[in-house]
2 protein chains.
Amino acid sequence: MKIALDVMGGDNAPDINMEGAKRALQDFSLIDKIYLVGREDVVKASCDKWGVSGPRVEIVPASEVVEMNESGLMAVRQKKNSSMSVSVDLVKSGDADAVVSAGNTGAAVAAATIKLRLLNGVERAGIVTQLPNEYGVCNVTDTGANPDAKPSHLVGYAVMASILARNVYGKAMPKVGVMCNGSEDEKGTDFTKGTFHLLKHLEARGVLPFQFIGNVEGHDLFEHEVDVALTDGFTGNVLLKTCEATAKAFSKWLKQEIKSSPIRMAGAMMASGAFKAMKTRLSADAVGGSPLLGVRGVTIIAHGSSSPTAIRNALRVSMEMVNTGVNPLIEEALANLGPIPNVTEVYSK
Amino acid sequence: MKIALDVMGGDNAPDINMEGAKRALQDFSLIDKIYLVGREDVVKASCDKWGVSGPRVEIVPASEVVEMNESGLMAVRQKKNSSMSVSVDLVKSGDADAVVSAGNTGAAVAAATIKLRLLNGVERAGIVTQLPNEYGVCNVTDTGANPDAKPSHLVGYAVMASILARNVYGKAMPKVGVMCNGSEDEKGTDFTKGTFHLLKHLEARGVLPFQFIGNVEGHDLFEHEVDVALTDGFTGNVLLKTCEATAKAFSKWLKQEIKSSPIRMAGAMMASGAFKAMKTRLSADAVGGSPLLGVRGVTIIAHGSSSPTAIRNALRVSMEMVNTGVNPLIEEALANLGPIPNVTEVYSK
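Residues numbered from 1 in each chain as written. Chains lettered and ligands numbered in written order. Predicted model: local features only at pLDDT ≥ 70, side-chain atom pairs only at ≥ 80, totals over all residues. Heavy atoms only, no water.

> Please give an account of the relation of the copies chain B and chain A that cites residues and values.
Superposing the two chain copies requires a rotation about an axis and a translation along that axis. You can overlay chain B on chain A at an RMSD of 0.0 Å; the transform is a turn of 180° with a shift of 0.0 Å along its axis. Both copies are brought into coincidence by an operation consistent with a two-fold rotation axis. No C-alpha of chain B lies nearer the rotation axis than that of B:Gly267, which sits 1.8 Å from it. Same-surface contact between copies: 100% of interface residues of chain B are shared with the interface of chain A. (Least-squares fit on C-alpha atoms with pLDDT ≥ 70 in both. Contact = heavy atoms within 4.5 Å.)

> Tell me about the interface of chain B and chain A, and name the residues and values.
Taken together, the contact pairs 57 residues of chain B with 58 residues of chain A. When chain B packs against chain A, close to 5300 Å² is buried across both sides, 69% of that on carbon and sulfur atoms. Three residues, B:Phe234, B:Phe250 and B:Trp253, lead the burial of chain B against chain A; their summed loss comes to 15% of the area buried on that side. The interface formed by chain B and chain A holds six salt bridges in total. Note that A:Glu134 and B:Lys252 form a salt bridge whose closest N and O atoms lie 3.0 Å from each other. Along the contact surface separating chain B from chain A lie 14 residue pairs in polar contact (both at pLDDT 80 or more). Contributions of two or more residues to the side of chain B that touches chain A are made by β5 (126-133), α7 (190-204), α8 (218-223), α9 (233-259), α10 (262-270) and α11 (272-282) of chain B. (Buried area = accessible area lost by both parts, 1.4 Å probe. Salt bridge = Lys/Arg side-chain N within 4 Å of Asp/Glu carboxyl O. Polar contact = N/O pair within 3.5 Å; in protein donor to acceptor, adjacent residues only side chain to side chain. Helix = DSSP H or I, 4+ residues; strand = E, 2+ residues; numbered from the N terminus.)

> Quick rundown of the side chain of A:Asn215? Include the residues and the values.
Residues and elements named next belong to chain A. Position of Asn215 relative to the elements: it lies in strand β8 (residues 211-216). For Asn215, the side chain forms a polar contact with the main-chain oxygen of Glu184, separated by 2.9 Å. Setting aside its immediate chain neighbours within four residues, Asn215 contacts Val178, Cys180, Gly182, Ser183, Glu184, Asp185, Lys187 and Phe196.

> Lay out the packing of helix α9 (residues 233-259) of chain A against helix α10 (residues 262-270) of chain A with the relevant residues and their values.
All names here are of chain A. Across the interface, α9 lies against α10 with an axial gap of 7 Å and an inter-helix angle of 125°. Classified by the angle their axes make, α9 and α10 are oblique. For the pair α9 and α10, contact is made by Glu257, Ile258 and Lys259 and by Arg264, Met265 and Ala268, respectively. Looking at the contact of α9 with α10 residue by residue, the classes come out as three nonpolar, no polar and three charged. (Axes fitted to C-alpha atoms, helices over the stretch in contact; angles between N-to-C directions. Parallel < 35°, antiparallel > 145°, perpendicular 65-115°, else oblique. Nonpolar A, V, L, I, M, F, W, Y, C, P; charged D, E, K, R; others polar.)

> Before we move on, can you summarise a nonpolar patch on the surface with the specific residues and values?
Where nonpolar side chains cluster on the molecular surface, the patch consists of A:Ile263, A:Met270, B:Ile263 and B:Met270 and spans about 360 Å² of accessible area. For the nonpolar patch, the secondary-structure elements that each account for two or more residues are α10 of chain A together with α10 of chain B. Judged by relative accessible area, which is 54%, A:Ile263 ranks as exposed. (Patch = residues over 30% accessible without salt bridge, like charges linked within 9 Å, V, L, I, M, F, W, Y side chains within 5 Å. Areas by Shrake-Rupley, 256 points an atom, 1.4 Å probe, with all protein chains shown as cover. Buried < 20%, exposed > 50% of the residue type's maximum accessible area, 1.4 Å probe, protein only.)

> Please provide a residue-by-residue account of the packing of aromatic side chains, values included.
Residue and element names in this part refer to chain B. Counted by the stated rule, this structure contains five aromatic pairs over all chains. Between Phe196 and Phe212, the aromatic rings sit 5.6 Å apart at their centres with planes inclined by 65°, giving edge-to-face as the arrangement. Pair noted here: Phe196 is in helix α7 and Phe212 is in strand β8 (residues 211-216), with a separation of 16 residues, a long-range link. The class of Phe212 is buried, set by a relative accessible area of 6%. (Phe/Tyr/Trp six-rings, centres within 6.5 Å; stacked < 30°, edge-to-face > 60°.)

> How would you sum up the sheet that holds β5(B)? Please name residues and give values.
What holds strands together in a sheet is hydrogen bonding between their backbones, with the strands either parallel or antiparallel. Residues and elements named next belong to chain B. Spatial ordering of the open sheet is given by β3-β2-β1-β4-β11-β10-β5-β6-β9-β7-β8, a layout of 11 strands whose pairing is mixed. At either end of the open sheet lies a strand with only one pairing partner, and these are β3 (57-61) and β8. Strand-to-strand twist across the sheet, computed as the mean angle between neighbouring axes with direction ignored, equals 25°. When strand β1 (residues 2-6) meets strand β4 (residues 98-101), the two strands line up parallel, connected through three bridges. Within the sheet, the bridge partner assigned to Ile3 lies in β4 and is Ala98. This element, helix α1 (residues 15-27), spans β1, β2 (33-38) and β3 of the sheet and lies at about 175° to β2. (Pairing = 2+ DSSP bridges.)

So yeah, pure geometry; function would need other evidence.
Written out as structure tokens, the structure is:
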């Protein structure tokens, strides 16, 4: 298996990417090669710094870099030789099986959508991120590809993420909910109400390949068996970052409270195994990267603020996604669903 | 000071409200009277159960109850004698200084807006909820009154919440950000971009009574000095509930990890003061209720799942809001701001 890594992507590039690549090569023998894509001088210097060399890596020069504050679409159109574009090109040409980037999310989504093209039946690509819960994981979709989403896009996300829940996380009949400001059917915005009614309509037609459980709220994500939480890319991104920020603040403040007394500190030393287990369980680094569902090939989006561990794990996720091969299953499921009606058509029935 | 309490509001009414009222009367001598509003037989039985009596309480009969899944506007129009409507009527008539309800949020917002009316210059009322951060609190506005908000509504929320940040939380020049899916100026949805540009336009005109700091993300809420985070009522509600759910899951999972070993348990006993301090610091109960900004009088919205402690604290918040008296300051600040231009006007300049 061959993976293209956008070495220039992310707030702390190239170091995080190079260290992450080094660790992935050590840990995952299934990876035959990592293409290290970026400005040749920068990538070479980073290879030397981190001692990365040998037949399992290959430097692929790309003279330009997409900045974090650029418009994604413009960046793809104007910077044909960016590390991100060249990385995606390697998947398009068949040289690589997957691409991993911690760079500008909008640009990664645009590059993958334009160059790799959407799967049959997909209206918009969506990023799926796993939150740990008591039943495994909740696949939150979308977490950033499509901020101004339409209800029909969320129906597509429901199908794609439920395929993932079934084939990667082993849920025979995934439970899918709409992220909302209340669990009652009547709650929500015009957008979430439209999504709710569209899913109810398709449920009545008996074509949904999952169980639609209606509206869900924050606590459902962790406490209840929700395999897929549907949301627009704006709300999903805010939700995800809020989860991470809350867990981080909780840890930090708990540490401060513990450090305020020697007895508390001694106690915390004795219980340190529990804290370490929590860190592993909740760390965003453990997830590493989020698949962009709906495009041909495998595209993994990592956080702009990724650590080397996150990049190592994003490479692991890309390997798992290549192995799982959900794309044909997604096309089949969307074909079985049939055309998605207009929200206005559904309301008028 | 007299406060009207919607005894029938909330998932665990009437008990949570009665116990909360009892504790508030014990703890806060500034409260002269609590009007206990609801079905007479239910309220009387609950008074007997909790031993609530005497000159500081008065039962006000209201024969109807607004259910959690009703449309707010319809409930206010159709159930004129609901405990919520009658509670708000007590503020309208001047008998009460404030109203507290853990009932249907949409109905509480509709009742307050229709019966008490909006302050001069206010387009839409908004709920402000305080999240603890390292600099005091972040006033997240709106957290549920206005799910389908417009950019101009958020400008109004910015002014109202910054008055609160200044006059209740002592910030001389509050820092106000727009909740977004990235900190870069270019990020966001059409809605948040419109809000951003409207605030930039007003900033250039020199009329903002606060410092506009641009787009903010999840981690900014806790780690940086953000006094006000602006958002539509849908995203704000999802954000708030996600924070609460994450903190709760974190606590629960940490407990599970600790219980898995006797040494960890002994250590946790020694550090128990730290856990207790965290519980106090992060509990949604400690906040209790959120003020509805922009309406005449004082309206406090409590969580549907409020505990007695939350109701006790919602009554405390209502008392503080009556004492602070920010409404005239809000009207003055909005008058100084002048008319809010259309987003399309701002873009075309």
